[in-house]
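Topology and contacts: notes
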Amino acid sequence: MVLSNNYITQQGLPSKAHILHLYRSLLRGSKTFSNYNFSAYAYRRTRDSFREHKNETRPDKITELVKKAEHELAILQRQGYLNSLYAVDKLVVEQSNRQKFP
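Basis of the calculations
Note on numbering: residues in each chain are counted from 1, in written sequence order. Only residues with pLDDT of at least 70 get local features here, since the model is predicted, and only at 80 or more are side-chain atom pairs given and counted; chain-wide, interface and lining totals rely on the full set of residues. With hydrogens and water set aside, each side-chain value is computed from the structure's full complement of heavy atoms. UniProt positions are given in the numbering used here, feature names are shortened, and annotations may be inferred rather than shown by experiment. Angles shown run from 0 to 180 degrees and are taken between the N-to-C directions of axes, each axis being a line fitted to C-alpha atoms and, for helices, limited to the stretch in contact. Each helix corresponds to a stretch of at least 4 residues labelled H or I by DSSP, and each strand to a stretch of at least 2 residues labelled E; elements are numbered beginning at the N terminus. An angle counts as roughly parallel when it lies under 35 degrees, as roughly antiparallel when it exceeds 145, as roughly perpendicular when it falls between 65 and 115, and as oblique in every other case. Each helix crossing is assigned a hand: it is left-handed if the near helix lies turned anticlockwise from the far helix by less than a right angle, otherwise right-handed if that turn is clockwise. For this analysis, residues touch if any pair of their heavy atoms sits within 4.5 Å. Residues are grouped as follows: Ala, Val, Leu, Ile, Met, Phe, Trp, Tyr, Cys and Pro are nonpolar; Asp, Glu, Lys and Arg are charged; every other residue, Gly included, is polar. One fewer than the residue count of a helix, multiplied by 1.5 Å, yields its expected span. Residue exposure (1.4 Å probe, protein chains only): buried if accessible area is under 20% of the type maximum, exposed if over 50%, otherwise partly exposed. Throughout, nonpolar core names a set of buried Ala, Val, Leu, Ile, Met, Phe, Trp, Tyr and Cys residues whose side chains join them through atoms within 4.5 Å. A residue counts toward a patch only above 30% relative accessible area and without a salt bridge, and it is joined to like-charged neighbours within 9 Å or, for Val, Leu, Ile, Met, Phe, Trp and Tyr, to nonpolar neighbours within 5 Å. All accessible-area figures derive from a Shrake-Rupley calculation using a 1.4 Å probe, and residue coverage is judged against the displayed protein chains alone. By convention in these notes, a salt bridge is any Lys or Arg side-chain nitrogen within 4 Å of a carboxyl oxygen on Asp or Glu.

Looking up the protein in an unreviewed UniProt entry gives the name Complex 1 LYR protein domain-containing protein, with the organism given as Gigaspora rosea. Among the UniProt annotations of the protein, the heading Sequence similarities (unreviewed entry) holds the following wording: "Belongs to the complex I LYR family."

Below you can see the structure in the form of C-alpha cells.
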C-alpha cells in the first residue's frame, strides 16, 4: 500500500484516517493465520507497537513508522495467504472458529 495524496496532510504527514486504516488492516491480517500462536503473536505485536508510538510527534519518525507498518502489512498478508495453503490441526485453545484476543 503506497501513500496517495488523499492520505497526506498539508504538513506532509500521513493522515489520522490512514494510520487507523493501517492499524485495523494489520489487526485483521493477524487473524488470517490458521495457527493460533502466529495469529496471537501478530495481533499482540501490532497492538503493542502502535501503543508504544501513539504519542510520537516528530514528522520524520511518524512517516518512517507508517512506511514500516505498510511493509509489515504486506508481509503479513503474504504470510497469511501462504499459511492458508497448508492445513494444520487446531490446538486445544482454538475451540471456536472465531479467534478472540484480549
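1. Focus: the packing of helix 1 (residues 16-30) against helix 2 (residues 36-52)
The interhelical angle for the contact between helix 1 and helix 2, taken along N-to-C directions, is 160°, at an axis separation of 8 Å. Viewed along their axes, helix 1 and helix 2 adopt a mutual orientation that is roughly antiparallel. Taken as a pair, helix 1 and helix 2 cross one another with a handedness that is left-handed. Residues Ile19, Tyr23, Leu26, Leu27 and Ser30 of helix 1 touch helix 2, and the partners they reach there are Ser39, Ala42, Tyr43, Thr46, Arg47 and Phe50. A breakdown of the residues in the contact of helix 1 with helix 2 according to their chemical character gives 7 nonpolar, 3 polar and 1 charged.

2. Quick look at helix 3 (residues 59-84)
The end-to-end C-alpha distance of helix 3, which contains 26 residues, comes to 37 Å, matching closely the 38 Å that a straight helix rising 1.5 Å per residue would cover. Regarding helix 3, the residues found buried are Ile62, Val66, Ala69, Glu70, Leu73, Leu76, Gly80 and Asn83. Packed against the buried residues of helix 3 are helix 1 and helix 2.

3. Describing the nonpolar core
Soluble globular proteins: nonpolar side chains tend toward being buried together. Among the nonpolar cores identified, the biggest contains 10 residues, and these are Leu13, Leu22, Leu26, Phe33, Ala42, Ile62, Val66, Ala69, Leu73 and Leu76. Sort the elements by how many residues they give to this core and helix 3 lands first, with 5 residues.

4. Examining the packing of helix 1 against helix 3
What describes two packed helices is the angle between their axes and the distance between those same axes. Between helix 1 and helix 3, the shortest axis-to-axis distance is 10 Å and the interhelical angle comes to 30°. Taken together, helix 1 and helix 3 sit at an angle that is classed as roughly parallel. Viewed along their axes, helix 1 and helix 3 form a crossing whose handedness is left-handed. Along its contact with helix 1, which presents His18, Ile19, Leu22, Ser25, Leu26, Gly29 and Ser30, the element helix 3 presents Ile62, Val66, Ala69, Glu70, Glu72, Leu73 and Leu76. For the contact of helix 1 with helix 3, the class distribution of residues is 8 nonpolar, 4 polar and 2 charged.

5. A word on a nonpolar patch on the surface
Together, Tyr81, Leu82, Leu85 and Tyr86 give the surface a local cluster of nonpolar side chains, amounting to about 460 Å² of exposed area. With respect to the helices and strands, the residue Leu82 is situated in helix 3. Under the relative-accessibility criterion, Leu82 is labelled partly exposed at 37%.

6. Focus: the environment of Arg44
Within the element layout of this structure, Arg44 appears in helix 2. With a relative accessible area of 40%, Arg44 lands in the partly exposed category. Measuring from C-alpha to C-alpha, the distance between Arg44 and Ser30 comes to 9.0 Å, with 14 residues separating the pair along the chain.

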